[in-house]
Amino acid sequence: MSVNQYDAALYQAAYDFITPFFDYGLKNPSVDTSDTIVFHNVVRDFIQSFPYFNAEQDLLSQIEPILRHVCLDPSFGVIEFGSILPPPKESGSETESKINQLRRRMAYSSPFFLDFLNRFTHDDAPEKDLFLEKKFVFLIGNEASVSRFAALQRAADQANVTVVPAIFVSACPYYSQINKNRTPEEDSERSQKLADSLIQETGSYPILYISGYSGILGEDQRQREACLDNTCRFATKIAYRMLKLADTSGLSRKEDQAQLLKKLAERGVIGSKIGFHFHYNSKTSLTENLTRLSGLIYQAIQEGVRVFDGNSFHGGQKNPLLGTGGPVPLSGNLMFQHIVAILAALQLPCGRLKTKEDYVDAVYRCEYVQRQLYPKWVQPPPEDIFKAVISGF
């Protein structure tokens, strides 16, 4: 899966998509336009949730080209490569069966990363310089995963490649109980032990993901505030290098985010230490989502946030709003194409993307590969996306 031939019509579509945002340019933006935004490509989420792998083909052979494209695309400096999970255990329960399916699907992380190290870092590899620029993030699931990560880290160190651990804790009581069968407090204690083990065994402070900071089911105000309070407590309880705040089901509002950022700042957690992991809300339209998300991203940037997660692919065959489904309404990750449109309107560079041509090339590559996964995928009209994004500022 690669951009192996030029598609003039698709390139023109990418140009038409980005041009209005560059031509607009937010007047008198209250952010420093010399700052660079860092985009983290969460390909891990895509592979974990992608429902359209061909069951008759080897799973790893279908995952490899997706990973290779993301790892060698110059647009992406930080890549959430995969999860390090223990081997599946055979069990008759439906819940354990689903967990085992996930573990089998996510088992690609270690072997593929080691393979890529061998293929792309030797002196004769034409991709070497580009690959060495990347940072690779691995989600750590439990204590057994710490040792597995330590082994990957040793291999990466020998190749001069940077790997970073990440851990995940839920601030939302409902999500924590359904997803992990524990309370948020119990989950935070587990995460604190994982962080301590990582620091002791590898010397690496993890990225800390806190999910459901504004609830995930449209909770009432009291419940939403409890989620916000949990987030603030965990953010000052667990050791980390960066805090990532995930809205999980796309229900975050500007008032929630403003309140959270204020509370965190009062505890010494300022914008430069924070990244956001936004989702679409599958119960509202794409344009409504983009208006909400552009407002949230602009607000976060004004508060000093410079890191945003997203996906260069989406999880639904015809609809990027769709996520993994299941017992909680997980929605799709915010797409790279939509993040860069928002940043282009703010006249902010994103990693290597600085000029209009850079942005057009990046969108073109993403759309090219997107169509290999989803031949019927069509973006809404550019003018609709433009109006939706601009109305959120």
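This structure is a prediction, so every number in the text was calculated from the model and none was measured.

Undergrad: Break down the overall build of the chain for me, citing the residues and quoting the values.
TA: Helix and strand counts for the chain come out as 15 helices and eight strands. Split into buried and exposed, the 393 residues of the chain put 53% on the buried side. About 16,400 Å² of surface is accessible on the chain, with carbon and sulfur atoms providing 49% of the total.

Undergrad: Tell me about unusual backbone geometry, and name the residues and values.
TA: With phi around 70°, Thr248 is a residue other than glycine that occupies positive phi space. With respect to the helices and strands, Thr248 occurs in the loop between strand 6 (242-246) and helix 11 (254-266).

Undergrad: Can you tell me about the pairing of strand 5 (residues 207-211), naming the residues and giving the values?
TA: In terms of residue burial, strand 5 counts as a mostly covered element, since five of its five residues are buried. Of the two faces of strand 5, the one lined by Ile207, Tyr209 and Ser211 and the one lined by Leu208 and Ile210 are each fully buried. Bridging between strand 4 (residues 162-170) and strand 5 involves five bridges; their strand directions are parallel. Residue pairing in the sheet places Ile167 in a bridge with Leu208 of strand 5. Where strand 5 meets strand 6, five bridges bridge the pair, whose relative direction is parallel. Residue Ser211 lies in a different strand from strand 6, and its bridge partner there is Ala246.

Undergrad: Please provide a residue-by-residue account of the layout of surface pockets, values included.
TA: As a volume, the second largest pocket reaches approximately 240 Å³. Taken together, 13 residues form the lining of the second largest pocket, with Val38, His40, Val78, Lys135 and Val164 sitting closest to its centre. Of all the secondary-structure elements, those providing two or more residues to the lining of the second largest pocket are strand 1 (38-41), strand 3 (135-140) and strand 4. Among the residues making up the lining of the second largest pocket, the classes are represented as seven nonpolar, three polar and three charged.

Undergrad: Got a sec to walk through the sheet that holds strand 5? Specific residues and values, please.
TA: Strand order around the closed barrel formed by eight strands is 1-2-3-4-5-6-7-8, with parallel pairing between neighbours. Put simply, the sheet's adjacent strands are angled 30° from each other on average, direction ignored. Bridge count between strand 6 and strand 7 (residues 274-277): four bridges; the pairing is parallel. Note that in strand 7 the partner of Leu245 across the bridge is Phe276. Against the sheet, helix 3 (residues 59-72) touches strand 1, strand 2 (78-84) and strand 3, its axis set at about 145° to strand 2. Seen against the sheet, helix 5 (residues 109-120) touches strand 2, strand 3 and strand 4 and runs at an angle of roughly 135° to strand 2.

Undergrad: Break down the pairing of strand 8 (residues 307-310) for me, citing the residues and quoting the values.
TA: Both faces of strand 8 are covered, namely the face carrying Val307 and Asp309 and the face carrying Phe308 and Gly310. As judged from the four bridges shared by strand 1 and strand 8, these two strands associate in the parallel manner. For Val38, the partnering residue across the bridge sits in strand 8 and is Val307. Each parallel crossover has a hand, and for strand 7 linked through helix 12 (residues 286-302) to strand 8 it is right-handed.

Reading guide: rules and limits
Residues numbered from 1 in each chain as written. Predicted model: local features only at pLDDT ≥ 70, side-chain atom pairs only at ≥ 80, totals over all residues. Heavy atoms only, no water. Helix = DSSP H or I, 4+ residues; strand = E, 2+ residues; numbered from the N terminus. Buried < 20%, exposed > 50% of the residue type's maximum accessible area, 1.4 Å probe, protein only. Areas by Shrake-Rupley, 256 points an atom, 1.4 Å probe, with all protein chains shown as cover. Pairing = 2+ DSSP bridges. 1 Å grid on protein atoms, 1.4 Å probe; cavity = no way out; pocket = protein on both sides within 12 Å on 5 of 7 lines; lining within 4 Å. Points joined across faces, edges and corners; volume = space filled by probe spheres on them. Nonpolar A, V, L, I, M, F, W, Y, C, P; charged D, E, K, R; others polar. Axes fitted to C-alpha atoms, helices over the stretch in contact; angles between N-to-C directions. Contact = heavy atoms within 4.5 Å. Right-handed = clockwise from strand over helix to strand, strands pointing away.

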